[in-house]
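Each chain, letter by letter, is given below.
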Amino acid sequence: MVSVNKQGNVTVIELEGSIDGKTAPQVRDEMRPALEGCTEAILDMTKVGYLSSAGLRLLLLVYREFTARKGKLMLVGVSPDIQAVMSHTGFLNFFTLKDTQAQAMEALGQTQ
Amino acid sequence: MMEPRIDYYPTHEYQGFKFRRGHTLPFGATVVPSGVNFSLFSSAATGCTLVLFRKHEEEPMVEIEFPQEFRIGDVYSMIVFDLDVEELEYGYRMDGPWNPSAGHRFDRTKVLCDPYARVVGGRDIWREEPDWEKRQHHRGRLAFNDFDWEHDRPLEIPTEDLVIYETHVRGFTAHPSSGVSAPGTYAGIREKIPYLKELGVNCIELLPIFEFDEWENSRKHPDTGEWLLNYWGYSTLGFFAPKAGFAATGRFGMQVDELKTLIKELHQAGIEVMLDVVFNHTAEGDHRGPVISYRGLDNKTYYILTPDGWYYNFSGCGNTLNCNHPVVRNMVLDCLRYWAAEYHVDGFRFDLASILGRDQNGAPLSNPPLLESLAYDPVLSKCKLIAEAWDAGGLYQVGSFPAYGRWAEWNGKYRDSTRKFLKGDTGHVGEIATRIQGSPDLYYYRGPTASVNFITCHDGFTLRDLFSYNYKHNEANGENNNDGSNDNESWNCGWEGESTDPAVNHMRAQMMKNAICLLMVSRGIPMLLMGDEFGRTQHGNNNAYCHDDELGWMDWALAQDNPELLRFTREMVRFRHQHPVLRSKSFFEHRDRVGSGYPDISFHGTQAYWPDFSPGSRCLAFRLDGAHAGSPDSSIYVAMNMYWDGLPYQLPPAGDGKSWKIAVNTSMPSPHDIYSTSEAPFLQDQSSAIVGPRSMMVLVADSQ
């Protein structure tokens, strides 16, 4: 569900599958140690097929925790369908989205 | 950090499901640490079973009978642990007597929907034909209530400043011409917020959005074969649940977040949200109707019954909710508080509200406890409360609705008399003088903000049809044109229906402008019907409740066909916002209260200070004194000529060394029909003006 790698100072987390009420707690547990102490991160959602209400809430919670300690977090590869759902339900307003990891790296001021 | 509660551990187990006694309040299904609290009321049941389903599955995953010690008073409650909140559906089976003549209709074979369900599943996608073999269509689901409102709260716009826009969620953007990405949904309205803002309305009133069944009484039109549905939705399934089919994300169960997002963004644009709520009856109909919830849970409590157990039908829809039973009254209160606090709704319009003032035998109460409770409720204290002050049982309370200083009303008399006056009937000038003042004859003790002024609403002709048809044309409803009102007070301007005659069309356009102008210069709360700003038509249908099609939808292409009317409406709304003298909480006193030398309002006719109230008159003019407005404003003179010839109107002085400028003249072609303040030209002759046939003129005093 969750794979983590580091590129310079940036933690890149790739998520996979459906994030819903069943899987969200597990995804959260797996992401938490990777995000601890880091200040710049990218969540790559390219392989996420579905985000339920609980999934959206998990994402926002992670985002809030992260930005609360002045971290910068970007979402990458969010499918048009998921973007539409995020827009209709108001979640989209809270996030910064980029199409690719490279664009997100650039926005974070990093070069690959 | 608080340690977990010591009582949150299971005490019972059944088929692998762990549970314990629950909290009696709040009613409904509530997420609590590590479980869900279920709480349900029934005064006459002898037992109750909680039925849990996985979403969309026909067979339950478990049925847990409430142990007797879980019942306190008439309330059954239980916490069930380790449930997947998103995938859960639930209902109840009740034990109890089947004895209709005594009012009891318990039936253990039915799984019933929770009256407090925050989400009701079963109609997730609008118009998706249901599987009619299903035993049970509507089940409770849970809702997340952690929406991030940021700094939002209800806007609390002063009532006298409101301009209401009555809208059907689906009808507003379902038409392909709307150009939105999610047609016919809450999200669709959101995309049209810039349009609403430009129109200038600051309150949007939504036709029912409590979960209903669009397939209720559905049928195919005998001639056309088209589906006729319950499109308007005046038939509630669940009072706490938003209509899922109106959400683009309803299929994912995210309608709660989508609706809240719409409300939040409307608020950011300065637009309030008012809900049309239906508490007079439910979707269960009479004894022939389906068993969905209330009937099977506690029939005698929820419905007004005859002494031998039949349903009273004051709503015209089969049953009547027993609103002044203390338990039902609390449910209504809980419901409205929930919408006000949880959804930040700004106000409510109560459908057939007179029913809310009937006692448990159906007799009208002089001091109805429900209406009083709503008026004094702490959570609802800033909410607008508007009554449709009549019901289908013959109670007509316009002007006499028990108001407790709080309730406003849909002013049906404003609609009727303005229609008659506008189409040139004689004998109405006196009444019009009263209506444009906010109807002091009806609301003397409440003030003009008790009067919601409207000429058209969803129920009846659209504005364009009001001046295109003498008679209703409801054949498309499949009831041989027998449904819908026959008292339309409409005028077709010389030809029944669509016309190619330029003279007829010119007259219609002018009549529509007259109506919008009259509405915007009247004291009270003006309400526009969606689409009237650019000439929406229902082709003479005055009862489009069943048309989820072109007839019921707003065709946005008409904005291009009728840009003049759209411009006129926008400017007229702007004019109202610019002039506080048009808006006030209090009635005119017909005297000079501030020493300006002029009374707050004076009436005129073709001769200044000589209004003609005689039976044959079709003319009236009035002057509003700017010095009497709450904040600095110009004086305004309005001349109405509903006679078929132009007439010279002698003008009262503009006052204070000022002169009259022409703001509005509906007899002139666009763009000379309405001017912005800076562009408005001064009248050459300050002593009199010709007001064209069947037209209105508005002048504003300004320094030359």
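These numbers come from a predicted model, not from an experiment.

With that settled, the discussion passes to the overall build of chain B. The helix and strand inventory of chain B stands at 14 helices and 32 strands. Here the C-alpha radius of gyration of chain B, 27 Å, is about what a compact globule of 704 residues would show, namely 27 Å. The dimensions of chain B, computed from C-alpha atoms along their principal axes, are 90 × 60 × 50 Å. Counting only residues that meet the buried cut, chain B has 63% of its 704 residues in that class. A distance of 2 Å separates the average location of the 65 positive side-chain charges in chain B from that of its 94 negative side-chain charges.

Accessible area lost upon the coming together of the parts serves often as the stated size of an interface. The partner chain A presents 19 residues to the 22 residues of chain B that form the contact. Both faces combined, the contact of chain B with chain A buries some 1,500 Å², and carbon together with sulfur accounts for 52% of it. Of all residues in chain B, the largest losses of buried area upon contact with chain A belong to Glu86(B), Phe252(B) and Met254(B), amounting jointly to 32% of the total for that side. If you look at where chain B meets chain A, you find 4 salt bridges. One salt bridge in this structure joins Asp148(B) and Arg64(A), with 2.6 Å as the shortest N-O distance. Applying the counting rule to chain B against chain A returns 12 residue pairs in polar contact (both at pLDDT 80 or more). The set of elements that each furnish at least two residues to the side of chain B that touches chain A consists of α2 (186–191) and α4 (255–268) of chain B. Ranked by residues supplied to the side of chain B that touches chain A, first place goes to α4(B) with 5 residues.

Residue and element names in this part refer to chain B. With respect to topology, 8 strands assemble into a closed barrel ordered β14-β15-β20-β21-β22-β23-β24-β25, the strand pairing being parallel. With strand direction ignored, the average angle separating the axes of adjacent strands in the sheet is 25°. For strand β14 (residues 164–167) and strand β15 (residues 203–206), the ladder comprises 4 bridges, and the chain directions are parallel. Paired with glutamate 166 across the strands is glutamate 205, a residue of β15. Packing against the sheet, helix α12 (residues 502–521) makes contact with β24 (451–454) and β25 (525–529), and its axis sits at approximately 150° to β25.

Attention shifts here to the domain arrangement of chain B. For chain B, the assigned domains are domain 1 (6–141), domain 2 (159–581) and domain 3 (589–702). Measuring from the centre of the C-alpha atoms in domain 1 of chain B to the corresponding centre in domain 3 of chain B gives 64 Å.

Attention now goes to the pattern of salt bridges. On inspection of all chains with the given rule, the structure shows 50 salt bridges over all chains. Among the salt bridges present, the one from Arg57(A) reaches Asp146(B), with a minimum N-O distance of 2.5 Å. Of the two residues, Arg57(A) is situated in helix α2 (residues 53–68) and Asp146(B) in the loop between β13 (139–141) and β14; the pairing between them involves two chains. Using a relative accessible area of 10% as the deciding quantity, one classes Arg57(A) as buried. By relative accessible area, Asp146(B) is classed as partly exposed at 45%. Sharing partners across several salt bridges, the network here consists of Glu89(B), Asp124(B), Arg139(B) and Arg141(B).

Cut-offs used in this document
- Residues numbered from 1 in each chain as written.
- Chains lettered and ligands numbered in written order.
- Predicted model: local features only at pLDDT ≥ 70, side-chain atom pairs only at ≥ 80, totals over all residues.
- Heavy atoms only, no water.
- Helix = DSSP H or I, 4+ residues; strand = E, 2+ residues; numbered from the N terminus.
- Rg over C-alpha atoms; globule rule 2.2 N^0.38 Å.
- Buried < 20%, exposed > 50% of the residue type's maximum accessible area, 1.4 Å probe, protein only.
- Lys, Arg positive; Asp, Glu negative; His and termini not counted.
- Charge placed at Lys NZ, Arg CZ, Asp CG, Glu CD.
- Contact = heavy atoms within 4.5 Å.
- Buried area = accessible area lost by both parts, 1.4 Å probe.
- Salt bridge = Lys/Arg side-chain N within 4 Å of Asp/Glu carboxyl O.
- Polar contact = N/O pair within 3.5 Å; in protein donor to acceptor, adjacent residues only side chain to side chain.
- Pairing = 2+ DSSP bridges.
- Axes fitted to C-alpha atoms, helices over the stretch in contact; angles between N-to-C directions.
- Domains from an automatic or database assignment.

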